[in-house]
Amino acid sequence: MTVARVIVDVPSRDTDRPFDYLIPDRLAGWVEVGSRVAVPFGPRTLQGIVTGIAEDADVAYAKLKPLEDVLDALPPLSPELVELAEWISRRWLCPLTVALQAMLPAALKGRSEKYVFPAFGAEWLEEEIVRSGGLLDALRKGKPLKLAALLKQYPNQGLSIKRWLREGKLEERQRVENQVSVKTVLTVFPQPTGELLQALEKVPARASKQRETLRYLAEHNEAIPAVKLAEAVGTTTTAIRTLEERGWVEIRPVTEDRDPYADRDFPSTTPMKLTPGQAEALTPIQSAMANGESRTFLLHGVTGSGKTEIYLQAIQRCLESGREAIVLVPEIALTPQMVERFKSRFGASVAVLHSRLSHGERYDEWRKIREGRARVAVGARSAIFAPFTKIGLIVIDEEHETSYKQEESPKYHARDVAVERARLHGAVVVLGSATPALETYDSAVYGGRDQGGEAATYIVMPDRVANRPLPRVHIVDMREELKLGNRAMFSRMLADAIRDRLAKREQMVLLLNRRGYATFVMCRSCGHTAACPHCEISLTYHRGSQNLRCHYCGYSEAEPKTCPSCESPHIRFFGTGTQKVEEALAATFPGIRVIRMDVDTTTEKGSHERWLTEFRERRADVLLGTQMVAKGLDFPYVTLVGVLAADAALRLPDFRASERTFQLLTQVAGRAGRHELPGEVVIQTYDPEHESITSVQGHDYIGFAERALVLRKQLGYPPYGRLICVTFSHESVPMLLSVGAQFASGLKGRAASLGIRHDFDAAGSSAMEVLGPVSSPIARLKDRYRFQCMVKYRGDMDASALVAETLADMGEAVKRSGVQVSVDVDPQMML
Ligand SMILES: Nc1ncnc2c1ncn2[C@@H]1O[C@H](COP(=O)(O)OP(=O)(O)OP(=O)(O)O)[C@@H](O)[C@H]1O
Ligand SMILES: [Zn+2]
Ligand SMILES: [Zn+2]
């Protein structure tokens, strides 16, 4: 007897193990590792994924239940992806089903639907005296009917249905159904032209539409959607049905892809002649691919050095060798221009996956990959799970981007997943950036000290294409401006530069570093700030709806007229930073045309891309925005980049604050002067001596990185040590402190018993420090208090496993207390 090991889709620790099911004969041959199945689980029917097939069961056969159904003809996951999911669940401590579900498109997140049908014949229906208005007639057909639909259609009969179910007259069955299905189109398949012409002779002249339809089909002898045909000859689909009845055409549903880029033309491009620098960078990547080595490369190329062309040519080689390629791009940089660069080169074999697609569109793109119709996947973070089977190359553009780490479970980092997936496929990984993450740089240059992984190979491209110069960077000390009496948002230098570009009809990008830039409400009399009553977070002011909102729990309240604390009327709203800048620009430079891009102006589908097109067509002078204007944009007429408040995020309590600031400033500076016209950058700051700002001026990534690494070493932060953040939350603080303390001492005890030292400063290899429990940076969220333990460790140990074991040990006690635990391995956000 063969059994299927199934992980059911219930994300809890109790169900986080495979359950065995018999494979009934009718399903034999359909069940594979990676199949999606429906299984009985207690009183319910659940969706699950088969993770193993075995000849013997863990429990007595008599107790085994059979699988109910296999949900897809082609298993949505491969054995390799199942293995990868197992690795993810160990590495980032999440239930296996959470990792498996992350790999499926939302359309396949099945829901179980209840159906009812008459249990034994329909005779009993006659005895029921129910003025059912059709309900009995509906049931009499004997077919299973969707319970939810019946209750909606016959709301007064709910009690009768319930009674029949109880009496066993109706039976209930559950079925797992997809949320989105494939789209099908009725298509007309005509007989050969000769037969149609013969048919035409039999049709009387007065049936002119029929004749016309036949003539059309005889002329264009090819399959055509019924609706299109009806349109072309001005008839109805019902009329076409009569042709089918006579056997002149066949009408069948045909699946059709929802192609989000269907209405676009992508003019095809051919490979560019590489610059010597590009050629030199490409060579080792190509030879690693040719030799089937699974190697990771860091492609460190300054902004505008032509990294994309290297990706394209590497992909081409990969495809030529019969393998497939994945390209990850930060969500925000996944603009149509970006997509175009890939579609123009590789045409229809490119599938695009990102979160702005509808579930249906995404499902169709995903199926193109699964069914082998696409061979290149371009997408945001989760595209790393593209269901390819022969991957030769994985490219991660802007590899330093924090959006590659998922902040909810599974809290994976796409870069680490890429390296593991490449290992499973014998594929090459190319990590590209002008400002690599310090961990990646360290791994490439120094062989990745304590990161456990394999070292990356370092490739550097220090120059822009065609020897275009990097832009000149000026730093303006805003304290000096103030001393000289300039209280405006723009320094004199920036204002002059803006005027100059307006006169020359060139374009500008202005960045407002919004992290840490206030959007709150404050009383000028008593200093009171509005905070969420459920979370320890200030409320954000939204000008459009004139209310205050909590971005964590969604709480909102009307804009106050007086201070809730002292009743003073001098209450002040700090609108979104960018709104204020927009107003200041309009006031200072009359007639200036500004496009503002921030979370408020880009929520609508397609708006982001509309703004960029408008800017590209030079219908605006200034592109003003937050982080989103810093990424990947390549506009020939941008000759000035201005940064307002460069240091706004420097003081955040996060050890990566200065790295992030440096990266952001370098990236945005890199938008200037990428083509013929030279570029200039003005950075306004209150902290002009700060390393992360002066290094931008000198375009000195390596100097910055080396100095930052010295600091990291002193503090034992990555890459010299690794972190795991364990957060506990509960309504009661004493409860949290006790559970937190129990965890900390449990973990310390476990480490000590393995001979792992706890003093991190001492020389030597393995060490683990457990800090806390202390109040989390966000001390309260949705009425629950939060405490965290930070685990800092280095050396060769499986710290994730130690944390998991410690938590498992305290399992029952924690469960009874109602404390929620969330674990973040290698956290990226310290806030
Ligand atoms: N071999 C080449 N010959 C001529 N032009 C090139 C060549 N390679 C790239 N370019 C052009 O140089 C410009 C910069 O290239 P690209 O956008 O790939 O830079 P990048 O390294 O990705 O920069 P960033 O990190 O700032 O996004 C583009 O306009 C591109 O078309
Ligand atoms: Zn007040
Ligand atoms: Zn809140």
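None of the values given here were measured: they were computed from a predicted structure.

A look at the overall build of the protein chain
What the protein chain contains, in helices and strands, is 26 helices and 33 strands. For 831 residues, the compact-globule formula gives about 28 Å, and the C-alpha radius of gyration of the protein chain, at 31 Å, lands near that figure. Judged by the C-alpha coordinates and their principal axes, the protein chain covers about 90 × 70 × 70 Å. In the protein chain, which comprises 831 residues, the proportion classed as buried is 42%. Long-range contacts, defined here as pairs at least 24 residues apart, represent 73% of the contacts in the protein chain between residues at least 6 apart.

Points about the nonpolar core
By size, the foremost hydrophobic cluster in this structure holds 175 residues, and its most contacted members are Ile683 and Val791. Beyond its immediate chain neighbours, meaning those up to four positions away, Ile683 contacts Val473, His474, Ile475, Val476, Val643, Ala646, Leu665, Ile693 and Val696. Grouped together as the second largest cluster of nonpolar side chains are 13 residues, Val188, Ala226, Leu243 and Val249 included.

Brief notes about the site of ligand 1
Taken together, 19 residues sit near ligand 1, with Thr303, Gly306, Lys307, Thr308 and Glu309 positioned nearest. Taken together, the residues of the shell around ligand 1 break down into four nonpolar, ten polar and five charged.

Looking at helix α19 (residues 577–588)
Given 3.6 residues per turn, any residue in an α-helix points the same way as the ones three and four places further on. A rise of 1.5 Å per residue sets the reference length of α19, with its twelve residues, at 16 Å; its end C-alpha atoms lie 17 Å apart and thus fit the reference within 8%. Here the buried face of α19 lies against β20 (507–512), β26 (594–597), β27 (622–625) and β28 (638–644).

Looking at helix α25 (residues 799–809)
Along α25, the residues that are buried comprise Ala799, Leu802, Val803 and Thr806. Along the axis of α25, the buried positions cluster into a sector of 100 degrees, meaning they face one direction only. Check the buried side of α25 and you find it contacts β30 (722–730), α24 (733–753), β31 (767–781), β32 (784–794) and β33 (820–825).

Digging into the sheet that holds strand β6 (residues 111–118)
Strand order in the open sheet made by the three strands is β7-β6-β8, with antiparallel pairing throughout. The open sheet has two free edges, formed respectively by β7 (145–146) and β8 (170–177), since each of these has just one partner strand. Where β6 meets β8, eight bridges bridge the pair, whose relative direction is antiparallel. Across the sheet, the residue bridging to Val116 is Glu172, located in β8. Across the sheet, helix α6 (residues 158–167) lies against β6 and β8, angled at about 100 degrees from β8, the strand it touches most.

A short note on the sheet that holds β32
With antiparallel pairing, four strands are arranged side by side in an open sheet as β31-β32-β30-β33. With one partner strand each, in any of the chains shown, β31 and β33 form the two edges of the open sheet. Recorded for the sheet is a direction-independent mean angle of 20 degrees between the axes of neighbouring strands. Sheet topology places β30 next to β33; six bridges connect them, and they run antiparallel. From the neighbouring strand, Thr727 faces β33, where its bridge partner is Ser822. Packing of α24 onto the sheet brings it into contact with β30, β31 and β32, and relative to β31 it is tilted by some 160 degrees.

Comments concerning the pairing of strand β1 (residues 3–8)
Most of β1 is tucked away: five of the six residues are buried. Across six bridges, the pairing between β1 and strand β4 (residues 44–54) is antiparallel. Bridge assignment links Arg5 to a residue of β4, and that residue is Gly52. Of the pairings in the sheet, the one linking β1 to strand β2 (residues 19–22) comprises four bridges and is antiparallel in character. Counted as the bridge partner of Val6 is Phe19 from β2.

Quick notes on the UniProt feature "binding site: Zn(2+) 2" (unreviewed entry) in the protein chain
UniProt's feature table lists "binding site: Zn(2+) 2" (unreviewed entry) at Cys532, Cys535, Cys550 and Cys553, given in the numbering used throughout. Spanning 22 residues, the named residues nonetheless gather at one spot, since no C-alpha pair among them exceeds 8.7 Å. Cys553 sits in the partly exposed class, given 15 other C-beta atoms within 10 Å. Residues within four places of Cys553 in sequence aside, it is in contact with Cys532, His534, Cys535 and Lys782.

A closer look at the confidence of the model for the protein chain
Looking at the protein chain, pLDDT values average 86 and 92% of them are 70 or higher. We note a pTM of 0.83 for the whole complex and an ipTM of 0.95 for its interfaces.

Thoughts on unusual backbone geometry
Backbone phi values are negative for most residues with the exception of glycine, while trans is the configuration of most peptide bonds. Following Ser409, the chain continues into Pro410 via a peptide bond in cis, with omega recorded as 0 degrees. Tracing the sequence through the fold places Pro410 in the loop between β16 (391–397) and α15 (414–425). A cis geometry characterises the amide bond from Pro718 onward to Pro719, with omega recorded as 5 degrees. Within the secondary structure, Pro719 sits in the loop between α23 (701–715) and β30. Phi at Asn467 takes a positive value of approximately 55 degrees, unusual for a residue other than glycine. Structurally, Asn467 is set in the loop between β18 (457–461) and β19 (472–477).

Topic: the environment of Cys550
Inspection of the secondary structure assignment puts Cys550 in the loop between β23 (547–549) and β24 (556–558). Sequence separation between Cys550 and Cys535 is 15 residues; the distance between their C-alpha atoms is 8.0 Å. The residues contacting Cys550, other than those within four sequence positions of it, are Cys532, Cys535, Ile537, Leu539 and Tyr555.

Quick notes on the packing of helix α8 (residues 208–219) against helix α9 (residues 226–233)
Put simply, α8 and α9 touch, their axes get as near as 10 Å, and they point 115 degrees apart. Considering how the two elements wind past one another, α8 and α9 form a crossing that is right-handed. In this structure, α8 contributes Lys209, Glu212, Thr213 and Tyr216 to the contact, and α9 contributes Leu229, Ala232 and Val233. Grouping the amino acids of the contact of α8 with α9 by side-chain chemistry returns four nonpolar, one polar and two charged.

Rules of the game
Residues numbered from 1 in each chain as written. Chains lettered and ligands numbered in written order. Predicted model: local features only at pLDDT ≥ 70, side-chain atom pairs only at ≥ 80, totals over all residues. Helix = DSSP H or I, 4+ residues; strand = E, 2+ residues; numbered from the N terminus. Rg over C-alpha atoms; globule rule 2.2 N^0.38 Å. Buried ≥ 20, exposed ≤ 12 C-beta atoms within 10 Å, placed from the backbone. Contact = placed C-beta atoms within 7 Å. Core = buried A, V, L, I, M, F, W, Y, C linked by C-beta atoms within 7 Å. Near = placed C-beta within 6 Å. Nonpolar A, V, L, I, M, F, W, Y, C, P; charged D, E, K, R; others polar. Expected span 1.5 Å × (residues − 1). Arc of directions from axis to C-beta. Pairing = 2+ DSSP bridges. Axes fitted to C-alpha atoms, helices over the stretch in contact; angles between N-to-C directions. UniProt positions renumbered as here; feature names shortened; annotations may be inferred. pLDDT = per-residue confidence, 0-100. Left-handed = near helix turned anticlockwise from the far one by under 90°.

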